[in-house]
Amino acid sequence: MAQPTGRRPRWRRGLVATAAAALAAPLVAACGAGAGGGVTISVYYPPEQHFQNVIDQCNQQANGAYHIELLTAPRAADGQREQMVRRLAAGDTSLDILGVDTTWTPEFAGAGWIVPWTGANEAEARRDVLAGPLASATYDGKLYAATKHTNVQLLWYRDDLVSTPPSTWDEMIADAQKLKQQGKSYKIAFTGAQYEGLVVGFNTLTASAGGQLVSDDGAKAVVDDGAVKALAMLKKFATAGVTDAGLASAQEQQVALLMEGGDAAFELNWPYVYASMQQDKPDLFKHFKWTTYPSVIPGQPAKVTIGGENLAISAYSLHKDEAFKAALCLRSPQMQDYSAVNDGVPPTVASVYDAPDMAKAYPMKDDIKAELADAASRPITPAYQNVSTIMQNLLSPPSAIDPQSTADQMRQAIQDALDSKGVLP
């Protein structure tokens with residue numbers, strides 16, 4: 001089953017404590033402000049260490065017009081979606097603002113569970129938002145959510161092993177093989193387990209090869225030659241002798257630990273690993289560098305799959321006007337800056353990347369921003385959960401992939417899911 005991918009894993013603490021303390025001070029002081037004033041607006045959102053501070057500040061700014069109350073969702077993405085779907089399907093009026101994964105927008109919008117953003121609210125939600133994150137909140141030409149934070153993976157490497165980072169997958173594999181021959185740490189850490197992280201990696205490879213998995217309207221399975229190239233690259237990588245023995249069970253946590261343990265020369269993962277390495281392995285941290293994700297085709301930058309969290313308004317909310325205002329505050333540039341520095345979640349608003357405190361917490365911010373400018377989305381369809389499960393099954397283990405045969409099976413299975421045949425829970 002899918003796990004939270006593109007969100008900062010909860011198994012690590014936040015970014016540098018000094019930055020957290022400096023920014024938290026004015027927000028903590030606002031704790032309790034606005035309690036009992038106006039209507040209560042609930043926000044159903046997964047655990048995020050400092051999100052309550054954001055809510056407290058927004059309650060203070062509301063000046064009694066409304067009071068935001070946090071309803072904490074389960075940690076795992078599957079549990080979040082399951083509970084939310086059950087409550088929305090029952091027309092639950094106690095949910096106002098919903099924290100939705102970037103892949104849920106089509107499903108929730110198609111079911112009529114969330115409402116479009118319009119007028120001044122839409123204009124504010126779109127203002128200065130990077131193209132990739134904005135696309136993740138859009139379905140059928142309408143904006144259905146306001147972007148709160150985003151994510152893209154980078155290539156992390158050790159500069160004591162590699163003086164010049166590879167720019168392509170072929171170069172990365174060749175560099176790892178050379179290091180192996182020299183008896184040095186050489187492994188490439190990658191999320192190869194049968195879960196959403198493997199789909200993210202495959203989707204990035206497909207988009208980077210100029211391929212497509214599902215048509216733009218979400219009605220037809222494509223799985224074209226670009227997808228076949230991606231499958232071939234994934235197969236080559238898994239059988240080149242440059243992976244850890246636990247590739248087929250590796251999720252984000254195992255990938256990060258492989259690098260922190262000194263066994264890997266390369267790591268493909270989300271930006272949170274920078275702070276984790278800094279905290280856990282300060283000696284190795286001085287050699288821990290980053291660059292943009294490796295491409296599949298030389299000379300063509302990779303199109304990296306986007307992650308993150310958006311804020312949608314429930315169709316069953318009894319206080320939609322206040323809910324839109326509250327959601328805009330929760331994801332305002334000020335709050336995105338705070339959350340980025342303290343909770344390790346990259347902003348969606350372009351100007352936030354230029355904030356003074358971002359330089360220390362996110363020295364890789366320019367590479368993140370560059371990837372977000374031309375990011376890839378996972379297939380946009382209300383049937384995404386089924387499509388993802390199908391791909392997970394066919395991609396695992398990566399070493400068993402037969403590029404053309406796997407592509408043919410995937411195309412037919414995805415089309416069945418889009419046509420509501422053999423739909424999985």
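Residues numbered from 1 in each chain as written. Predicted model: local features only at pLDDT ≥ 70, side-chain atom pairs only at ≥ 80, totals over all residues. Heavy atoms only, no water.

## Observations regarding the overall build of the chain
Formally: Under the scheme used here, helices are H or I runs from DSSP no shorter than 4 residues and strands are E runs no shorter than 2 residues, and both carry numbers assigned from the N terminus. In this description the radius of gyration comes from C-alpha coordinates, and the expected globular size is given by 2.2 Å times residues to the power 0.38. Whether a residue is buried, partly exposed or exposed follows from its accessible area with a 1.4 Å probe, protein chains only, as a fraction of its type maximum: under 20%, in between, or over 50%, in that order.
A count of helices and strands for the chain gives 18 helices and 11 strands. Relative to the globule expectation of 22 Å for 425 residues, the C-alpha radius of gyration of the chain, 21 Å, shows essentially globular dimensions. Taken along its principal axes, the extent of the C-alpha atoms in the chain is 65 × 55 × 30 Å. Across the 425 residues in the chain, those meeting the buried criterion constitute 58%.

## Topic: the pairing of strand S11 (residues 307–313)
Residues in a regular strand point their side chains to alternate faces of the sheet. The line we're drawing: What makes two strands pair is DSSP finding at least two bridges between them.
Taking burial as the measure, the 7 residues of S11 include 7 buried ones, the bulk of the element. Across the two faces of S11 the burial is the same, with Gly307, Glu309, Leu311 and Ile313 and Gly308, Asn310 and Ala312 all buried. Relative to S11, strand S3 (residues 97–101) runs antiparallel, the two being bridged by 5 bridges. Bridge pairing links valine 100 to asparagine 310 in S11.

## Overview of the sheet that holds strand S6 (residues 146–151)
For clarity, the cut-off: Each axis is a line fitted through C-alpha atoms, taken for helices only over the stretch in contact, and angles between the N-to-C directions span 0 to 180 degrees.
Strand order in the open sheet formed by 5 strands is S2-S1-S3-S11-S6, and the pairing between neighbours is mixed. The sheet is open, and its two borders are formed by strand S2 (66–72) and S6, each paired with just one other strand. The mean inter-strand angle of the sheet, taken between neighbouring strand axes irrespective of direction, is 20 degrees. Across 2 bridges, the pairing between strand S1 (residues 39–45) and S3 is parallel. Looking at S3, one finds that tyrosine 44 is bridged to leucine 98.

## Digging into the pairing of S3
For S3, the buried fraction is high: 5 of the 5 residues fall into the buried class. A two-sided burial pattern is seen for S3, the buried positions comprising Ile97, Gly99 and Asp101 on one face and Leu98 and Val100 on the other.

## Description of the environment of serine 377
Just so we agree on the cut-off: Here, residues are in contact when the closest pair of their heavy atoms is within 4.5 Å.
Here serine 377 is to be found in the loop between helix H16 (365–372) and helix H17 (384–395). Residue serine 377 is classed as partly exposed on the basis of its relative accessible area, which comes to 30%. In this structure, the C-alpha to C-alpha distance between serine 377 and glycine 132, residues 245 residues apart in sequence, is 7.7 Å. In this structure serine 377 touches Ala135, Asn203 and Ile306, once residues within four positions along its chain are discounted.

## Comments concerning the nonpolar core
Selection criterion: By convention a nonpolar core is built from buried Ala, Val, Leu, Ile, Met, Phe, Trp, Tyr and Cys residues, the set being connected through side-chain atoms within 4.5 Å.
Core analysis: the biggest nonpolar cluster contains 84 residues, and Trp169, Phe266 and Ile414 have the highest contact counts within it. Here this core gets 8 residues from one element, more than from any other, and that element is helix H9 (residues 225–238). Once residues lying within four places of it in the same chain are set aside, the contact partners of isoleucine 414 are Val214, Ala221, Val223, Val387, Ile390 and Met391. With 48 residues, the next largest nonpolar core counts Tyr45, Ala109, Ala312 and Ile313 among its residues.

## What about the packing of helix H8 (residues 196–208) against H17?
To keep things clear, this is the line we draw: For classification purposes, an angle smaller than 35 degrees is called roughly parallel, one larger than 145 roughly antiparallel, one from 65 to 115 roughly perpendicular, and anything else oblique. Under the scheme applied, nonpolar residues are Ala, Val, Leu, Ile, Met, Phe, Trp, Tyr, Cys and Pro; charged residues are Asp, Glu, Lys and Arg; polar residues are all the others, including Gly.
For the pair H8 and H17, the least separation of the axes is 9 Å and the interaxial angle reads 85 degrees. By the angle class used here, H8 and H17 are roughly perpendicular. In this structure, H8 contributes Glu196, Leu198, Val199 and Phe202 to the contact, and H17 contributes Tyr384, Ser388, Met391, Gln392 and Leu395. A per-class count over the contact of H8 with H17 returns 6 nonpolar, 2 polar and 1 charged.

## Side note on the sheet that holds strand S8 (residues 187–189)
Sheet architecture is open: 4 strands sit in the order S8-S9-S7-S10, paired in mixed fashion. With one partner strand each, in any of the chains shown, S8 and strand S10 (288–291) form the two edges of the open sheet. Strand-to-strand twist in this sheet, taken as the mean axis angle between neighbours without regard to direction, amounts to 25 degrees. Taken strand by strand, helix H7 (residues 169–181) contacts strand S7 (154–158), S8 and strand S9 (264–269), and its axis lies near 150 degrees from that of S9. Strands in contact with helix H11 (residues 273–280) are S7, S9 and S10; relative to S10, the strand with the most contacts, it is inclined by about 170 degrees.

## Brief notes about the packing of aromatic side chains
Formally: Each Phe, Tyr or Trp ring (for Trp, its six-membered ring) is paired with any other whose centre lies within 6.5 Å, and the angle between the two planes then decides the class: stacked below 30 degrees, edge-to-face above 60, tilted in between.
Summed over all chains, the structure comprises 13 aromatic pairs. With centroids separated by 5.1 Å and ring planes inclined at 10 degrees, the aromatic side chains of tryptophan 156 and phenylalanine 288 adopt a geometry described as stacked. Taken together, the residues tryptophan 156 in strand S7 and phenylalanine 288 in strand S10 connect sequence positions 132 residues apart. Just as tryptophan 156 is buried, phenylalanine 288 falls in that class too. A centroid spacing of 5.8 Å and a plane angle of 90 degrees characterise the contact between tyrosine 274 and tryptophan 290, whose relative ring orientation is edge-to-face. Taken together, the residues tyrosine 274 in helix H11 and tryptophan 290 in strand S10 connect sequence positions 16 residues apart. An aromatic cluster is built from Trp156, Tyr274, Phe285, Phe288 and Trp290, whose rings are joined through pairwise contacts.

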